[in-house]
Amino acid sequence: MRKTGLLEDQVSSTLLRVEAITVREIRMPLVHFFETSFGRTYSRRIVLLTVHCDGVDGWAESVAGEDPYYSSEWTETAWPVIKQYLAPAVLGQTLNSARESAPLMARVRGHRMAKTAVENALWDAEAKLRRQPLWKLLGGKKREIQCGVSIGIQDSIEQLLEKIELALSAGYRRIKLKVKPGWDLKVLDRVRACWPDIPLSCDANSAYTLDDVQHIRKFDQFNLLMIEQPLWNDDIYYHARLQRQLRTAICLDESIRHARDCAAAIETGACRIVNIKVGRVGGFTEAKKVHDICQKGNVPVWCGGMLESGIGRAHNVALSTLENFKLPGDVSASKRYWKEDIVEPEVEVSPQGTIYVSDEPGTGYGIREDLIEKLTVRKETMRPNS
Ligand code: OSB
Ligand code: MG
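Notes on the structure in this doc start here. Just so it is clear, the model here is predicted, and its values are computed rather than measured.

1. A short note on helix H12 (residues 310-319)
Each full turn of the α-helix corresponds to 3.6 residues, which orients residues three or four apart in the same direction.
Point 1. Of all 10 residues that make up H12, 10 are buried, and the element is covered over most of its length.
Point 2. Those residues of H12 lying buried are Gly310, Ile311, Gly312, Arg313, Ala314, His315, Asn316, Val317, Ala318 and Leu319.

Below you can see the structure in the form of structure tokens.
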């Protein structure tokens, strides 16, 4: 039961005629809760989007969360913005490439996660129409990507150590720990006592302020690859001030909304590493720009994750094949998150902690439409002027 949405005999040109768009919400319970400095998630409410173009369906995911905590966007904002503004902007249009969709939606301020669902579904459709792997269409160079894991805040340090042990024995190449005041130095100290040399990083999701500089400087003793987003979610300037006082590299996540933010962050020295999340920057076109700016500035990047279903995960895999994705990403196996994923095959990680990319057209991961139907709690199909 493998569907790519591709009906070969119907494919006659590589133009993208946007005939219809289906938006739906699915519910997927996580195998384990995931806790960050801003809260705990047990179950995801994911907005999926399908573009219907001449017999080819392109699929994508909005990574907006269940609450407006990681960013102001959330499940409940993605839906009306797509329905009332973004879908009407592309419906009925004929595009030469998915890239052309971004300017059509540019009038809408922000809502980059919602825009990503529309643009990336078109990239998926374009790859299928051109019978090319998505990673090649994006300009990827690597056949194999490196995987890390992001491990949330646990109820106890013992539980955390167990999770790290499991991830290491599965082959993952970098461990990232979520930290916040009260779950930071003593946790890192215990972890380093067990594993003095593993590639280790931490992510604060904006849990600290400049009043904590002396505290944050103590992170330097743990030889971390980086500390991700220590300060405010919308800040670049004060991260630059902090970076000057730290030996550990700062990596920005939340603060980089687009290529221009990225350029400013590099110019000011606010970070030495960048986390690219395609949903955070508004789609593959902008993600490629961020990637290129970092490459020119000699700043390595890695692919972030947002607890995606297999659809968003497959897109992260494709993006990670670009040259400057030099560090292991938060692109982990489906089974770390889901009892059953909505793609087939599921995303699997080799014992060496890598994912091989497929040469099939599109993402190389088939869509399990019947399972998606079962998980769907609302769904709407829109056509031009409807
Ligand atoms: O900051 O990277 C983050 C999950 C939800 C929101 C923000 C973040 C995360 C993660 C999880 O760290 C990454 C993953 O999908 O495994
Ligand atoms: Mg982060």
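2. Section: the site of ligand 1
Point 1. Neighbouring ligand 1 are 15 residues; Ser150, Asp203, Asn205, Leu307 and Tyr337 lie closest to it.
Point 2. Between ligand 1 and lysine 176, the relevant distance is 3.1 Å, taken from an oxygen atom to a side-chain nitrogen or oxygen of the residue.
Point 3. For ligand 1, an oxygen atom lies 2.5 Å from a polar atom in the side chain of tyrosine 337.
Point 4. Look at ligand 1: alone it shows 390 Å² of surface, and the protein chains cover 97% of it.
Point 5. Partitioned by chemical class, the residues of the shell around ligand 1 number 5 nonpolar, 3 polar and 7 charged.

3. Observations concerning the pattern of salt bridges
Point 1. This model, assessed by the stated rule, comprises 27 salt bridges.
Point 2. For arginine 257, the salt bridge is made with aspartate 261, and the minimal N-O distance between the two is 2.6 Å.
Point 3. The exposure class of arginine 257 is partly exposed, given its relative accessible area of 37%.
Point 4. Residue class for aspartate 261 comes out buried when judged on its relative accessible area of 6%.

4. Digging into the packing of helix H5 (residues 157-169) against helix H6 (residues 185-194)
Point 1. Interaxial distance between H5 and H6 falls to 11 Å at its minimum, and their mutual angle equals 45°. Considered as vectors, H5 and H6 are oriented oblique to each other. Handedness of the crossing formed by H5 with H6: right-handed. Contacts from Ile157, Glu158, Leu160, Leu161 and Ile164 of H5 reach H6 at Lys186, Val187, Arg190, Val191 and Cys194.

5. Quick look at the side chain of histidine 258
Point 1. Assignment of secondary structure puts histidine 258 in the loop between strand E11 (250-252) and helix H9 (259-268).
Point 2. Given a relative accessible area of 15%, histidine 258 falls into the buried group.
Point 3. Not counting residues within four places of it along the chain, the set of residues in contact with histidine 258 comprises Val281, Glu286 and Val290.

6. A closer look at unusual backbone geometry
Most peptide bonds take the trans form, and the phi angle of most residues other than glycine is negative.
Point 1. Between glutamate 344 and proline 345 the backbone carries a cis peptide bond, its omega angle lying at 0°.
Point 2. Within the secondary structure layout, proline 345 lies in the loop between strand E14 (343-344) and strand E15 (354-356).
Point 3. Of note, the phi angle at aspartate 54 is positive, near 45°, even though the residue is not glycine.
Point 4. In this fold, aspartate 54 is placed in the loop between strand E3 (39-53) and strand E4 (56-62).
Point 5. Overall, aspartate 54 belongs to the buried group, its relative accessible area being 17%.
Point 6. We note that histidine 111 has phi near 50°; this positive angle belongs to a residue other than glycine.
Point 7. Within the secondary structure, histidine 111 is located in the loop between helix H2 (101-105) and helix H3 (112-129).

The rules behind each value
- Per chain, residue numbering runs from 1 following the sequence as it is written.
- Chains and ligands are labelled by the order in which they are written, letters from A for the one and numbers from 1 for the other.
- Only residues with pLDDT of at least 70 get local features here, since the model is predicted, and only at 80 or more are side-chain atom pairs given and counted; chain-wide, interface and lining totals rely on the full set of residues.
- The basis for every side-chain value is the complete set of non-hydrogen atoms in the structure, without hydrogens or water.
- Using a 1.4 Å probe on the protein chains alone, a residue whose accessible area is under 20% of its type maximum counts as buried, one over 50% counts as exposed, and one in between counts as partly exposed.
- Numbered from the N terminus, helices here are DSSP runs of H or I no shorter than four residues, and strands are runs of E no shorter than two.
- Here a residue is considered near a molecule or strand provided that any single heavy atom belonging to it is located within 4 Å of it.
- A 3.5 Å cut-off defines polar contacts: any pair of N or O atoms within that distance qualifies, except that in protein one atom must be a possible hydrogen donor and the other a possible acceptor, and neighbouring residues in sequence count only when both atoms are side-chain atoms.
- Shrake-Rupley sampling with a 1.4 Å probe provides the accessible areas, and residues are treated as covered by the protein chains on show and by no other component.
- Side-chain classes are defined by residue name, with Ala, Val, Leu, Ile, Met, Phe, Trp, Tyr, Cys and Pro counting as nonpolar, Asp, Glu, Lys and Arg as charged, and the others, Gly among them, as polar.
- One side-chain nitrogen of Lys or Arg within 4 Å of one carboxyl oxygen of Asp or Glu is enough to make a salt bridge.
- Only the contacting stretch of a helix is used when fitting its axis, a line to C-alpha atoms as for every element, and angles between N-to-C directions run 0 to 180 degrees.
- Between 65 and 115 degrees an angle is taken as roughly perpendicular, under 35 as roughly parallel, over 145 as roughly antiparallel, and anywhere else as oblique.
- Crossings are sorted by hand: turned counterclockwise from the far helix by less than a right angle, the near helix makes the crossing left-handed, and turned clockwise it makes it right-handed.
- Any two residues whose heavy atoms approach within 4.5 Å at even a single point are treated as in contact.

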